[in-house]
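One-letter residues, chain by chain:
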Amino acid sequence: MRHEDIASHTFPIIVVLPDVVDAQDACVERLTALTERHPGVSLAHTTADGALCVHFDPSRTTLAEVRQLVTAAGARLAAEYGHVSLALGGLPGEDAGRRLEDLLRKQAGVLEVSANVPARRVRIEFERSKTDADRLRRLVARAGFAVEPPATTAPASAWARVLAENRELVWSLVAAVLLGLGWAGERFWTWPGGVTIPLYLAAYGFGAWDLVGHTVAAWRRGAFTFDIDLLMLLAALGAAGLGEWAEGAFLLTLFALAHALEHYAMDRARGAIRALADLTPAVARVRRDGQDVEVPVDAVRVDEVVLVRPGDRIPVDGVVSDGQSSVNQAPVTGESAPVDKADGDEVFAGTVNGEGALEVRTTRAVGDRTLDRVIRLVEDAQTSKAPTQQFTERFERVFVPVVLVSAVAVMIVPPLVGWASWSTSIYRALALLVAASPCALALGTPSAVLAGIAQAARRGVLIKGGVHLENLGTLRTMTFDKTGTLTVGRPEVTGVVMNDAASADELVRVAAAVERQSQHPLAQAVVRAAAARQLTLPEAGPLESITARGVRAVVDGEPVEIGSARLWTDRQIEIPVVVDIAVHRQQQAGRSVMIVRHGSRWLGVLGLADEPRPEARDVLTRLRDMGLDPLVMLTGDNRGVAEAVGKKLGVDQIQAELLPEDKVSAVQALMEAHGPLAMVGDGVNDAPALAQATVGIAMGGAGTGVALETADVALMGDDLGTLPFAVGLSRRAARIIKQNLALSMAVIALLVVATLLGWAGIGTAVLLHEGSTMVVVANSLRLLAYAE
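Attention now moves to the overall build of the protein chain. On a plain count of helices and strands, the protein chain comes out with 27 helices and 29 strands. In the protein chain, which comprises 788 residues, the share counted as buried stands at 53%. Of all intrachain contacts in the protein chain linking residues separated by at least 6 positions in sequence, the fraction that spans at least 24 positions is 67%. Working note: accessible area of the protein chain is about 33900 Å², and carbon and sulfur atoms make up 56% of it.

So, about a nonpolar patch on the surface. Taken together, V177, L181, W183, F188, W189, W191 and V195 make up a surface patch of nonpolar side chains, about 690 Å² in accessible area. Here the element with the most residues in the nonpolar patch is helix 6 (residues 167–187); it accounts for three residues. One can find W183 in helix 6. Residue class for W183 comes out partly exposed when judged on its relative accessible area of 38%.

Now for the sheet that holds strand 15 (residues 352–353). Pairing is antiparallel in the open sheet, where three strands are placed in the order 13-12-15. Because the sheet does not close on itself, it has two edges, and the strands there are strand 13 (339–341) and strand 15.

So, about the packing of helix 13 (residues 422–435) against helix 26 (residues 722–756). Contact geometry of helix 13 with helix 26 gives a least axis separation of 9 Å together with a crossing angle of 175°. The angle between the axes of helix 13 and helix 26 places the two elements in the roughly antiparallel class. Across the interface between the two elements, R428, A431, L432 and A435 of helix 13 pack against I748, L751, V752, T755 and L756 of helix 26.

Considering all chains together, one arrives at 26 salt bridges under this definition. Of the charged contacts, one joins R137 and D134 as a salt bridge, the two residues approaching to 3.1 Å between their closest N and O atoms. One end of the pair is R137 and the other is D134, both in helix 4 (residues 133–142) and three residues apart, which spans about a single turn. Between R287 and E359 there is a salt bridge, with its nearest N and O atoms 3.1 Å apart. Here R287 is found in strand 8 (residues 283–288), whereas its partner E359 is found in strand 16 (residues 358–364), with 72 residues between them in sequence. Judged by its relative accessible area of 33%, R287 falls in the partly exposed class.

Looking now at the sheet that holds strand 21 (residues 550–555). An order of 19-24-23-22-21-20 is seen for the six strands of this open sheet, with the pairing classed as antiparallel. Lying at the two open borders of the sheet, with one neighbouring strand each, are strand 19 (492–498) and strand 20 (544–546). Strand after strand, the sheet turns through a mean of 20° between neighbouring axes, direction not considered. Bridge analysis of strand 22 (residues 558–563) against strand 23 (residues 592–598) gives four bridges, and the strand direction is antiparallel. For G563, the partnering residue across the bridge sits in strand 23 and is I595. Against the sheet, helix 17 (residues 504–515) touches strand 19, strand 21, strand 22, strand 23 and strand 24 (601–609), its axis set at about 75° to strand 24. Its contacts with the sheet place helix 20 (residues 577–588) against strand 19, strand 23 and strand 24, and it is angled at close to 5° to strand 24.

With that settled, the discussion passes to the packing of helix 14 (residues 439–458) against helix 27 (residues 762–781). Pairs of packed helices are described in terms of their axes, by the angle between the two and the distance that separates them. Closest axis-to-axis distance for the helix 14/helix 27 pair is 8 Å, and the angle between their directions is 15°. By the angle between their axes, helix 14 is roughly parallel relative to helix 27. As helix 14 runs across helix 27, the sense of the crossing is right-handed. Contact residues: helix 14 offers C439, A440, L443, G444, S447, A448 and A451, while helix 27 offers H769, S772, T773, V776, V777, S780 and L781. Here the contact of helix 14 with helix 27 is composed, by residue class, of eight nonpolar, six polar and no charged.

Take the environment of T479 next. Residue placement: T479 occurs in strand 18 (residues 477–481). By relative accessible area, T479 is classed as buried at 0%. Distance in space between the C-alpha atoms of T479 and V632 is 4.6 Å, their sequence separation being 153 residues. Aside from chain neighbours lying at most four places away, what touches T479 is V632, L634, V667, L670, L677, A678, M679 and V680.

About the criteria used
Residue numbers restart at each chain and count upward from 1, following the sequence in its written direction. Whole-chain, interface and lining totals are the exception, using all residues; otherwise, since this is a predicted model, local features are given only for residues with pLDDT of at least 70 and side-chain atom pairs are given and counted only at 80 or more. Side-chain figures throughout are based on the complete set of non-hydrogen atoms in the structure, without hydrogens or water. Under the scheme used here, helices are H or I runs from DSSP no shorter than 4 residues and strands are E runs no shorter than 2 residues, and both carry numbers assigned from the N terminus. Relative accessibility under 20% of the residue-type maximum defines a buried residue, over 50% an exposed one, and the middle range a partly exposed one, all with a 1.4 Å probe and only protein chains included. By the convention used here, residues are in contact when the closest approach between their heavy atoms is within 4.5 Å. Under the convention used here, a 1.4 Å probe and the Shrake-Rupley method define accessible areas, while residue burial counts only the protein chains that appear. Residues enter patches when they are more than 30% accessible in relative terms and free of salt bridges; like-charged ones are connected within 9 Å and nonpolar ones (Val, Leu, Ile, Met, Phe, Trp, Tyr) within 5 Å. Just to be clear on terms, a salt bridge is a Lys or Arg side-chain nitrogen sitting within 4 Å of an Asp or Glu carboxyl oxygen. The rule for pairing is simple: two strands pair if DSSP sees at least two bridges between them. Whenever a helix is involved, its axis is fitted only over the stretch in contact; in every case the axis is a line through C-alpha atoms, and angles between N-to-C directions fall within 0 to 180 degrees. Oblique is the label for every angle not falling under 35 degrees (roughly parallel), over 145 degrees (roughly antiparallel), or within 65 to 115 degrees (roughly perpendicular). Crossing chirality is assigned from the near helix's rotation relative to the far helix, an anticlockwise turn below a right angle marking it left-handed and a clockwise turn marking it right-handed. Asp, Glu, Lys and Arg are counted as charged, while Ala, Val, Leu, Ile, Met, Phe, Trp, Tyr, Cys and Pro are counted as nonpolar; the rest, among them Gly, fall into the polar class.

Quick look at the structure:
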């Protein structure tokens, strides 16, 4: 594709390819395959220095998704692109996020902006050559949006603290008291207008303070928009103009009170995510110069030894260098049972140590710990908009101006044709402004996405955005890598067949004596088998490796040969028939085979296999019961091994002997045949296939940064058992979003008809309008209690 053919509304992104020429060609081929099926992304051209230029349309995809595609293909984005995710002190009103997005998109160097009202976050992608994070942060602050954490001191008194934390709620309650006094005085105590009107005006002031403040701030920036807040202000002012002071004050008071309660309710979902940041202790006990000292956790350096006492939270990511204990990893991985830890085992910051003391050698500094990366990705996920939310936002941009025009028509046309008086028409027009305000519609999707992502994170499942939460619920089939996904990922000795060996222990002992000098996974499996049998191993001479055939060493003065049949047949040495039969039986069972010969004695045959995960078959059954069909295993292993594992697990289809690019083609073919598909793998050699799938799911996100970066969903605990939970959660979220949208649209339609016909006034419209908004938010929060 030529550069001039690219649409003007797309942005060019420079991709840095690997240094090796062959790797460059493979990378471009993979990236071409991935972008062909990804809307909004296209390969454009190469630059003069040999880099690749990719164009993306921010209205159809995000820079984060482009980065994920590029990483999956084996390349990386140039360093000139950055992003910043800002926590905001509050987004005043459902339309505030859109106003902030419009403001930032006008700035030079800004590629993409996504703001989330319920999450109170904004993510900005930008070009470093044209702007920077500090400038964008200052711009957001100057626009009237408080950027957290604020640089202020804590209020001195308890009352001042309560007021600072709950100002919106307090002021709305004050407005309610003033409104109640004015209404009661007018209705029951015959107070004159000179007393009640000032009370109503005061209620107007407290109820509309935030509403007026951010509306005026937007106008000062030149950002005049027809939004929900403007509809409410116009309705309140119109009611005052008609002398309906009580109804106008009621509108503003209830609007402010509902907003305060919505923010309080959504803070529950935000709190579930904030709790992740509170998991790690602020200080750590570090061994320095032979002394154990307490230092801020930020000051702990990589390779320093941290001491963790029984019952303490672990402050760093690292490897156990001394000690034994069980560690509760549920806060990070979602695992229900503590995991035993000893020398060489990995531990994560935020997990809880058991009854033993541990010395942990730090492997990642603060900011790069697994928990830090998870928090950043969850925060970014909150700002990723689901397709439903994008649709509702486009709908609102058209709907609100239509409502204003309709209100003007309702106000003017009936009096001109003699259908109603001017006062009646104006009142109905104002009621229409309230009735048609789409507050519940604006919150219906983002509130559910926020709650869904928060609940998933609490259970050890990282879902990287609303689009992936929605897509999980649409899946029709699921594909799995074999090694490390459906299987444990570590071969073990599963068959011991004796021939001349006096016992199984003799066979394993002799083989382990030789193999402990090798780092090959099969060799280490033999050593583990000997350790499990508590065998004492004899000394072996230097190890000689025979490429692709086996190994040789001397034990007890006689040579020991271990390997495949080719180790002997290539030298024209005949293998005993009994041994040959044992080899074929082990291979038919899907096992790798080691023949062991000591001197002239054929000791026997060892069969090794990567065993299926204990929970795998049950998980596949649960997924099938949820309607996912077929369940397909994709593997690069040979067909015999693949079929043996597949038969044990009961998968529906098996595709074996696949290269990484073959897996991409297989995923494409399955998607064409069955529809939306998830690919589950380790996120490393499966990255291209994960990126190609509708949803890419990586196992073991807590242990590898690659899995966190390349997948759409990461199972932090390396536990297949969380897959049905993730699918079920996404389906529940999809149902709740549909319920929210249906309720929102039904209430708007009902109120529009009722106000136009004069059946409902401003008070009734406000009550039902704000009530529906609260119902939508409460419905979304049900996701925080979801358990599959």
